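Descriptive analysis of the structure
Take a look at the letters that make up each chain.
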Amino acid sequence: MRLTRPPFGPAEFKDADLLDSTYYASADPHALWARLREHDPAYYCDPADGREAFWVLTRHEDVSMVLRDYESFTSRRGTMLCIIDLSMPDFASDEMMPDTDPPRHRMLREPVNRALTPRAVAAQEEPIRAIVRDLLRPALDGGVFDMAQAALLFPMAFTGTLMGLPRENWRRMSELTAMTIAYDDPDYSVGDSKATLRQAHHELFDFFLSEVRSRRRSDADGGDLLSILRAMDVDGAPLTEQQLVLNCYALLLGANVTTPHVTSTLVALMAEHPGQFRRVREDVGLRRLCVQETLRWSSPASHFMRYALRDVQLHGRTLREGEPVSVWLGSANRDERVFDRPYEFDVTRQPNKHVAFGVGPHYCIGAGLATLGLRIFLDELMNLVERVEPAGEVTHLASNLVAGYKNMPVRLTPRAGVTERTLSEAAG
Ligand code: HEM
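This section reports on the structure supplied with the text. None of the values given here were measured: they were computed from a predicted structure.

1. Considering the coordination of the iron atom of the ligand
One donor from the polypeptide reaches the iron atom of the ligand: Cys-364 (SG), at 2.3 Å. In this fold, Cys-364 is placed in the loop between helix H16 (329-332) and helix H17 (367-384).

2. Things to note about the site of the ligand
The immediate surroundings of the ligand are formed by 28 residues, with His-105, Arg-109, Arg-306, His-362 and Cys-364 found nearest. Within the side chain of His-105, a nitrogen or oxygen atom sits 2.6 Å from an oxygen atom of the ligand. Arg-109 is positioned with one of its side-chain polar atoms (N or O) 2.7 Å from an oxygen atom of the ligand. For the shell around the ligand, the secondary-structure elements that each account for two or more residues are helix H4 (104-115), helix H12 (241-256), helix H13 (259-272), strand S7 (303-308) and H17. Looking at the shell around the ligand residue by residue, the class counts come to 19 nonpolar, seven polar and two charged.

3. Points about the sheet that holds strand S3 (residues 73-74)
Read across the open sheet, the five strands follow the order S1-S2-S10-S7-S3; overall the sheet is mixed. The open sheet terminates on both sides in strands that have one partner only, identified here as strand S1 (42-45) and S3. Strand direction decides the pairing type here: S1 and strand S2 (residues 54-57), joined by four bridges, are antiparallel. Note that in S2 the partner of Ala-42 across the bridge is Leu-57.

4. Concerning the nonpolar core
Judged by nonpolar contacts, the single largest core of 96 residues is most densely connected at Met-147, Leu-165, Phe-208, Phe-277 and Phe-377. In terms of residue count, the dominant contributor to this core is H17 (11 residues). Look past the residues within four positions of Phe-377 in its chain and what remains in contact with it is Val-132, Leu-135, Leu-136, Met-147, Phe-154, Thr-263, Leu-266 and Val-267. With 21 residues, the next largest nonpolar core counts Leu-19, Leu-32, Phe-54 and Met-305 among its residues.

What counts and how
- Residues numbered from 1 in each chain as written.
- Predicted model: local features only at pLDDT ≥ 70, side-chain atom pairs only at ≥ 80, totals over all residues.
- Heavy atoms only, no water.
- Donors = N, O, S within 2.8 Å, 3.2 Å for Na, K, Ca; no water.
- Helix = DSSP H or I, 4+ residues; strand = E, 2+ residues; numbered from the N terminus.
- Near = heavy atom within 4 Å.
- Polar contact = N/O pair within 3.5 Å; in protein donor to acceptor, adjacent residues only side chain to side chain.
- Nonpolar A, V, L, I, M, F, W, Y, C, P; charged D, E, K, R; others polar.
- Pairing = 2+ DSSP bridges.
- Core = buried A, V, L, I, M, F, W, Y, C linked by side-chain atoms within 4.5 Å.
- Buried < 20%, exposed > 50% of the residue type's maximum accessible area, 1.4 Å probe, protein only.
- Contact = heavy atoms within 4.5 Å.

Written as structure tokens, this is what we have:
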């Protein structure tokens, strides 16, 4: 979706648009969200085409309240608006970490958390750096480089390595995860939306099942995340194969569908704000803030969902027990009630209370890893690249969940002394 700024034209939309993936490839949801924040902060969206109606919350305060209050808003019936009927039971309920509520949520999250300690995350630094250099190397010949396509594989650098997944499968896995969130995008769909989703799930679940079966419980010392999960007892029993497969899927999806878009947004921002990036190059202390501001700016996870467990009054409306409630992170991250000059990208922004990683019990479990990966990407961009110029039209992903680029042609000018050859030599 486009990351636009005011002045916005009139936000023309039909309720069905909010669900439809293709709307986000071409229209301007920022104009729509700004209008909803101002005039309809608790908006009841009724597609009137047989699909179930749902609430749309767009203010930072309401988004945060819903994500924190798991006693009033459950994750057990699914957390994403998608083509699946919202009134259907969720097959991953209570089995997959994102689709559970505390206290069961804690039981599934803790083993994964223990495998993602700051030490385990820090150990990924060198492999990630090598992969970032591999990713940027082909761009340094001065030709046109599609940053969005190149970035798609980037998160496999951390999930693939951490989970011990064979490298020859990484490309297919990143295609399959893209299919699960862009099932209506002509570049990803195979047949219709449901068939695309079915095929992606089928291949990913099969793949993880054979990976899970290839680990023995005695292999925990091998160190990869899958072996550690396989060896762990939760509440006195090992995780079932289904729980292992679903939680591996959640980790892979969480990383793959989000991180690439922050990465390519960083490159686009460098082209748009050369002055700010000169400061970031000179002042290493600004890099942490720059990554946080890029997360706010790009907000790759556009929305999440919950279902109301009781009647809740909000802005004079009643969210009734059982109704689906969507919260829009991309909108919350431009909320003028929280952010000064929300439509300005500012590498010095502090404080920066963005909700790109969510808040509350489901706060992104991969936030530390993603932040490390983005920080390394920014460092390498500063080390290797002098200037970025747009080199053609960008295209946007057709997805109601993920705000992302599909193509981003750019031309990178390497810094003095940096060539593709010096990089290859450095890599040995
Ligand atoms: C820039 C990159 C990322 C962004 C913007 C992002 C965003 C989010 C958000 C907003 C949530 C909250 C969902 C909710 O409240 O229902 C979340 C949860 C989650 N993320 Fe991420 N994520 C990123 C990277 C990652 C990575 C690298 C991983 C894997 C290592 C990951 C795995 C997960 C998982 C498993 C959850 C569910 C946590 C739970 O239910 O307790 N994410 N992410």
